Amino acid sequence: MSSPLSQTSKLRARFQKNTGKPDWLASTKVFRTEVLAGLVVALALIPEAISFSIIAGVDPAVGLFASFTMAVVISVVGGRKAMISAATGAMALVIAPLNHEYGLGYLIAAVILGGLIQIVLGALGVAKLMRFVPRSVMVGFVNALAVLIFMAQVPEMRDVPWAVYPLIIGGLALMVFFPKITKAVPAPLVSIVILTVITIAAGIAVPTVGDKGDLPSSLPVPGMPDVPLTLDTLTTIAPYAFAFALVGLMESLMTAKLVDDITDTHSNKTRESVGQGVANVITGLFGGMGGCAMIGQTMINVKTSGARTRLSTFLSGVFLLLLVVVFGPVVSDIPMAALVAVMLLVAFATFDWHSVQPKTLRRMPVGETTVMAVTVAAVVATHNLAIGVVLGCLVAMVIFAKRVAHLAEVSGVVDPDGNQVVYAVTGELFFASSNDLVYQFDYKDDPDDVVIDLTDAHIWDASSVAALDAIETKYAQRGKKVTIVGLNKSSAEMHDKLAGQLTAGH
């Protein structure tokens, strides 16, 4: 029996096909749900966009414009309906060092180049490679992101008036307990509003958003980044742009998969990958800091508000811009303590606490825990999420290869008359397992007729063929003949193509 979500999705798809109208016009109820969901998400985006701007070391306008353009563009070109893309902490952390050292122009240039890289990677089918990222790397990625977000808040809690600390504690308490009363309004927004009212009404002097930079009072305009168009500029921004592209695609594709599961619908991951690139290029041209899919805001849109179409994503960006431009002076009075509280809660909620519980660590294989720890350590040490993911994948590959290498076994049986020995090889033969293969034969005492049966084995690479060549050579040096039998089709093709061609003189 299909789920209600699946039936609803099929009905909407049938309506759209039959009428030619967008799915958000399927009914008045659907339209109302999409509009309200977009408004709620826009309200929830404001504090985080400002917070992520501060992490990146740029004016709040840069993050707010990025959230606006990302949401609006991805609603048109993206491959996952109802998913929210905006300025994110992960992307801010990747490009923050570039901004601190070289300035905003280089950051914007890196965003544009990162978007172009995403378009190329998307067109090449990089989305299909996500299935090779181990779960332990994913967990390490999420945990490292949480640690970096927390570390980014520490400077905002140093050398500040004492009133900042009770405000942060109060903000955290509001966000924890308010959802128990109602979830109609995002708790972070409620916390920010209440703390802002308290600081203004009581005249409490604490750092505010306005102290970080002026908010926009007009719409963003397109333009090129103010950087020299030289090879030095390219070499400076390229590493950051590549990391930006990888992190953005990883977060977006992971979020898209999550929404697929929640809505019981399939999304076009290749289109989403290319769409993220297009959105980042346009965002950079409008002076934004770039972004990717946001797990938190997407859950508000899809799970809490029940949105399912592109309209909610589009309106979240439109409403965000209207709120900022119209109510900019009010946003400037938001105390930094309120935003710090939001980000501390985001860090706490992002961290996978189950993964570090003693009970979980005892049950998990040591290799899995090692991969997660390496990923976290590399990210925290380098402040680069992409480096951590790559190192984590490399460690996972080494551990996997070491584990599989011992699965290849050789057992020999000599005929009763002593004229022939049959070696049965079982398991996967590749560069790791084939290295030990050569030493599992009795070259000196075996009879003159040797049969190697590979019926229960598979040849994966040239290393395995080279190992079989070495075995035949060792027997031939003693005047003995080797016959290889039982090769499956793909193994036979590789063996026939490479046998005798992998050593000097051939």
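Summary of the structure given here. (Residues numbered from 1 in each chain as written. Predicted model: local features only at pLDDT ≥ 70, side-chain atom pairs only at ≥ 80, totals over all residues. Heavy atoms only, no water.)

Observations concerning the overall build of the protein
Phase 1: For the protein, the count of helices and strands is 20 helices and 6 strands.
Phase 2: The principal-axis extents of the C-alpha atoms in the protein amount to approximately 100 × 60 × 55 Å.
Phase 3: A total accessible area of about 23,800 Å² is found for the protein, and carbon and sulfur atoms account for 65% of it.
Phase 4: For the protein, the distance from the average position of its 34 positive side-chain charges to the average position of its 36 negative side-chain charges is 13 Å. (Helix = DSSP H or I, 4+ residues; strand = E, 2+ residues; numbered from the N terminus. Areas by Shrake-Rupley, 256 points an atom, 1.4 Å probe, with all protein chains shown as cover. Lys, Arg positive; Asp, Glu negative; His and termini not counted. Charge placed at Lys NZ, Arg CZ, Asp CG, Glu CD.)

Quick look at the pairing of strand S4 (residues 420-429)
Phase 1: Sheet topology note: the strand S3 (residues 409-414)/S4 ladder contains 6 bridges and is antiparallel. Within S4, the residue paired with Ser 411 across the bridge is Ala 424.
Phase 2: Hairpin connection of S3 to S4: 5 residues between the antiparallel strands, including Gly 418 at a positive phi of 80 degrees. (Pairing = 2+ DSSP bridges.)

Some remarks on the state of the cysteines
Phase 1: The full count for this structure, using the stated rule, is 0 disulfides.
Phase 2: Unpaired in this structure, Cys 292 has its nearest cysteine sulfur neighbour in Cys 393, at a distance of 17 Å.
Phase 3: Cys 393 gets classed as buried once you look at its relative accessible area, which sits at 17%. (Disulfide = S-S within 2.5 Å. Buried < 20%, exposed > 50% of the residue type's maximum accessible area, 1.4 Å probe, protein only.)

A word on the pairing of strand S5 (residues 449-459)
Phase 1: Where S4 lies against S5, 9 bridges are found, and the strand directions are parallel. Counterpart to Ala 424 in the pairing with S5 is Asp 453.
Phase 2: Handedness of the crossover joining S5 and strand S6 (residues 481-485) through helix H19 (residues 462-476): right-handed. (Right-handed = clockwise from strand over helix to strand, strands pointing away.)

Quick notes on the nonpolar core
General note: in soluble globular proteins, nonpolar side chains tend to be found buried as a group.
Phase 1: Ile 50, Met 289, Leu 320 and Leu 339 are the most contacted members of the largest nonpolar core, which totals 89 residues.
Phase 2: A total of 12 residues in this core trace back to one element, the largest contributor, which is helix H2 (residues 28-56).
Phase 3: If you look at the next biggest cluster of nonpolar residues, it comprises 22 residues, including Tyr 423, Ile 452, Ile 459 and Ile 484. (Core = buried A, V, L, I, M, F, W, Y, C linked by side-chain atoms within 4.5 Å.)

Things to note about helix H20 (residues 489-498)
Phase 1: Among the residues making up H20, those that are buried are Ser 491, Ala 492 and His 495. What you see down the axis of H20 is that its buried residues fit within an arc of 100 degrees, all on one side. Exposed residues pointing more than 90 degrees away from the buried face of H20 are listed as Lys 489 and Lys 497.
Phase 2: Next to the buried residues of H20 lie S5, H19 and S6.
Phase 3: Looking one or two residues past H20, Gly 500 carries a phi angle of roughly 80 degrees, positive in sign. (Arc of directions from axis to C-beta. Contact = heavy atoms within 4.5 Å.)

Some remarks on the packing of helix H7 (residues 164-177) against helix H14 (residues 336-350)
Phase 1: Orientation of H7 relative to H14, taken along the N-to-C sense of each, is 50 degrees, at an axis distance of 8 Å. Looking at the two axes, H7 sits oblique to H14. At the point where H7 passes H14, the crossing takes the right-handed sense. Of the residues in H14, those touching H7 at Val 164, Leu 167, Ile 168, Gly 171, Leu 172, Met 175 and Val 176 are Ala 337, Val 340, Ala 341, Val 342, Leu 344 and Leu 345.
Phase 2: For the contact of H7 with H14, the class distribution of residues is 12 nonpolar, 1 polar and no charged. (Axes fitted to C-alpha atoms, helices over the stretch in contact; angles between N-to-C directions. Parallel < 35°, antiparallel > 145°, perpendicular 65-115°, else oblique. Left-handed = near helix turned anticlockwise from the far one by under 90°. Nonpolar A, V, L, I, M, F, W, Y, C, P; charged D, E, K, R; others polar.)

Quick look at the sheet that holds S3
Phase 1: Spatial ordering of the open sheet is given by S3-S4-S5-S6, a layout of 4 strands whose pairing is mixed. The open sheet has two edge strands with one neighbour each: S3 and S6. Along the sheet, successive strands turn relative to each other by an average axial angle of 20 degrees, direction set aside.
Phase 2: The strands touched by H20 are S5 and S6; relative to S5, the strand with the most contacts, the crossing angle is about 120 degrees.

Here's the deal with the pattern of salt bridges
Phase 1: All told, the structure shown has 2 salt bridges when counted by the stated rule.
Phase 2: Here Arg 80 makes a salt bridge to Asp 260, at a shortest N to O gap of 2.6 Å. Taken together, the positions of Arg 80 in the loop between helix H3 (60-77) and strand S1 (85-86) and Asp 260 in helix H9 (residues 231-263) put the pair 180 residues apart, joining distant regions of the chain. In this structure, Arg 80 and Asp 260 share a single accessibility class: buried.
Phase 3: A single network of salt bridges, built from pairs that share partners, joins Arg 80, Asp 260 and Lys 269. (Salt bridge = Lys/Arg side-chain N within 4 Å of Asp/Glu carboxyl O.)

Concerning H3
Phase 1: Here H3 contains 18 residues, and its C-alpha end-to-end distance of 26 Å stays within 8% of the 26 Å for a straight helix at 1.5 Å per residue.
Phase 2: Of all 18 residues in H3, 16 are buried; the element is thus mostly enclosed. (Expected span 1.5 Å × (residues − 1).)

Overview of the packing of aromatic side chains
Phase 1: Using the criterion set out here, one finds 8 aromatic pairs in the structure.
Phase 2: Look at Phe 351 and Trp 353: their rings are 4.5 Å apart centre to centre, the planes differ by 45 degrees, and that puts the pair in the tilted class.
Phase 3: For Phe 351, a relative accessible area of 17% puts it in the buried group.
Phase 4: Their ring planes at 85 degrees and their centres at 6.4 Å tell us that Phe 441 and Tyr 475 sit as a pair that is edge-to-face. Here Phe 441 is found in the loop between helix H18 (434-437) and S5, whereas its partner Tyr 475 is found in helix H19, with 34 residues between them in sequence. Grouping residues by exposure puts Phe 441 and Tyr 475 together as buried.
Phase 5: Within the aromatic cluster, the residues linked to one another by ring pairs are Tyr 423, Phe 441, Tyr 443 and Tyr 475. (Phe/Tyr/Trp six-rings, centres within 6.5 Å; stacked < 30°, edge-to-face > 60°.)

Some details on the environment of Ser 305
Phase 1: Tracing the backbone shows Ser 305 in the loop between helix H11 (295-304) and helix H12 (310-326).
Phase 2: Assessed through its relative accessible area of 22%, Ser 305 is described here as partly exposed.
Phase 3: In sequence terms Ser 305 and Ala 241 are 64 residues apart; their C-alpha atoms lie 34 Å from each other.
Phase 4: Dropping the residues within four chain positions of it, Ser 305 is found in contact with Thr 33, Ala 37, Val 40 and Ile 300.

All quantities given are derived from atomic positions and should not be read as evidence of function.
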